[in-house]
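Tertiary structure, described
One letter stands for each residue in the lines below.
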Amino acid sequence: PPDLVAWASTHSHLGGSYRLVGDLPKARQTLEEGLELTRTRMGGRSGDQAEGFLLNALARVAYAQQDYQTALARDTQAAQFFEAAEGRLLPRAPERIRAILRRWVASSLFGVGRAQLALGHRDAADAAFDRGLKYARQSGLREMELELLSGQGTLALARQDWPKALGIYQQCIALANQVKR
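Below is a summary of the structure that appears in this document. (Residues numbered from 1 in each chain as written. Predicted model: local features only at pLDDT ≥ 70, side-chain atom pairs only at ≥ 80, totals over all residues. Heavy atoms only, no water.)

A few words now on the packing of helix 7 (residues 142-158) against helix 8 (residues 162-180). Think of two packed helices as two axes; the pair is described by the angle between the axes and how far apart they sit. For the pair helix 7 and helix 8, the least separation of the axes is 8 Å and the interaxial angle reads 165 degrees. With respect to helix 8, the axis of helix 7 lies roughly antiparallel. Where helix 7 crosses over helix 8, the two elements pack in a sense that is left-handed. Together, R142, E143, E145, L146, L149, S150, Q152, G153, T154, A156 and L157 of helix 7 and W162, K164, A165, I168, Y169, Q171, C172, L175, A176, Q178 and V179 of helix 8 make up the contact between the two elements. Counted by class, the contact of helix 7 with helix 8 contains 12 nonpolar, six polar and four charged residues. (Axes fitted to C-alpha atoms, helices over the stretch in contact; angles between N-to-C directions. Helix = DSSP H or I, 4+ residues; strand = E, 2+ residues; numbered from the N terminus. Parallel < 35°, antiparallel > 145°, perpendicular 65-115°, else oblique. Left-handed = near helix turned anticlockwise from the far one by under 90°. Contact = heavy atoms within 4.5 Å. Nonpolar A, V, L, I, M, F, W, Y, C, P; charged D, E, K, R; others polar.)

Next up, the structure:
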């Protein structure tokens, strides 16, 4: 129902606002209330999308609170939601819808990679960034590709692989110049 979609959206925006002003406990509470609402009162595609968005937002809050395990779990769940949603699309579904879902998967996988890196799981972070980069490229959204490349650069720095980090960051600069145009 449209009013429930509006409530879920409001929770998402309000929780995000609390996060941006630094009130992380209030952000988490608001987003969890929204998640509970979507899980108990919404269904179908709009319920899945709302749940995925709220899981992403909760992952960002958990990451900001340095609760990397929760951030990892929330972003992993969100990626699974969005991948499943793309898998349910009919073959004749508009490419625009596929691109949007791929962008959301890529964003979730960036969060997975970032959390894995914070937990010291470098190989898992690498796999998440690589997988996310494939989705970002399929979506055509260069900004998301740039974010994932940056994650790979951070990982290369963590591994002290200076030549690889330099190469990745050079790719980032070239891509940023393309995006800017």
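Positive phi, close to 60 degrees, is recorded for Q66, a residue that is not glycine. Turning to its location among the elements, Q66 is positioned in the loop between helix 3 (44-64) and helix 4 (68-87). The backbone of Q160 shows a phi angle near 60 degrees, a positive value even though the residue is not glycine. As for its position among the elements, Q160 is in the loop between helix 7 and helix 8. Overall, Q160 belongs to the exposed group, its relative accessible area being 56%. (Buried < 20%, exposed > 50% of the residue type's maximum accessible area, 1.4 Å probe, protein only.)

Let us now look at the packing of aromatic side chains. Across all of its chains, the model carries five aromatic pairs by this definition. Ring geometry for F53 and W104: centres 4.7 Å apart, planes at 80 degrees, overall edge-to-face. Highlighted residues: F53 in helix 3 and W104 in helix 5 (residues 95-118), separated in sequence by 51 residues. A relative accessible area of 15% places W104 in the buried class. (Phe/Tyr/Trp six-rings, centres within 6.5 Å; stacked < 30°, edge-to-face > 60°.)

Right, let's get into helix 7. With 17 residues, helix 7 extends 24 Å from end C-alpha to end C-alpha; this agrees with the ideal 24 Å at 1.5 Å per step. In the core, the buried residues of helix 7 are packed alongside helix 5, helix 6 (122-139) and helix 8. Count one or two residues on from helix 7 and you reach Q160, which has phi positive near 60 degrees. (Expected span 1.5 Å × (residues − 1).)

In terms of nonpolar packing, the biggest core is built from 34 residues, with L31, F82, A106, M144, L148 and L149 touching the most fellow members. At the level of secondary structure, the elements contributing two or more residues to this core comprise helix 2 (24-41), helix 3, helix 4, helix 5, helix 6, helix 7 and helix 8. It is helix 5 that provides the largest number of residues to this core, a total of seven residues. When neighbours within four sequence positions are excluded, L148 is seen to be in contact with A106, F110, F129, G132, L133 and A136. In terms of nonpolar packing, the next biggest core, distinct from the first, is built from six residues, A62, A71, L72 and A115 among them. (Core = buried A, V, L, I, M, F, W, Y, C linked by side-chain atoms within 4.5 Å.)

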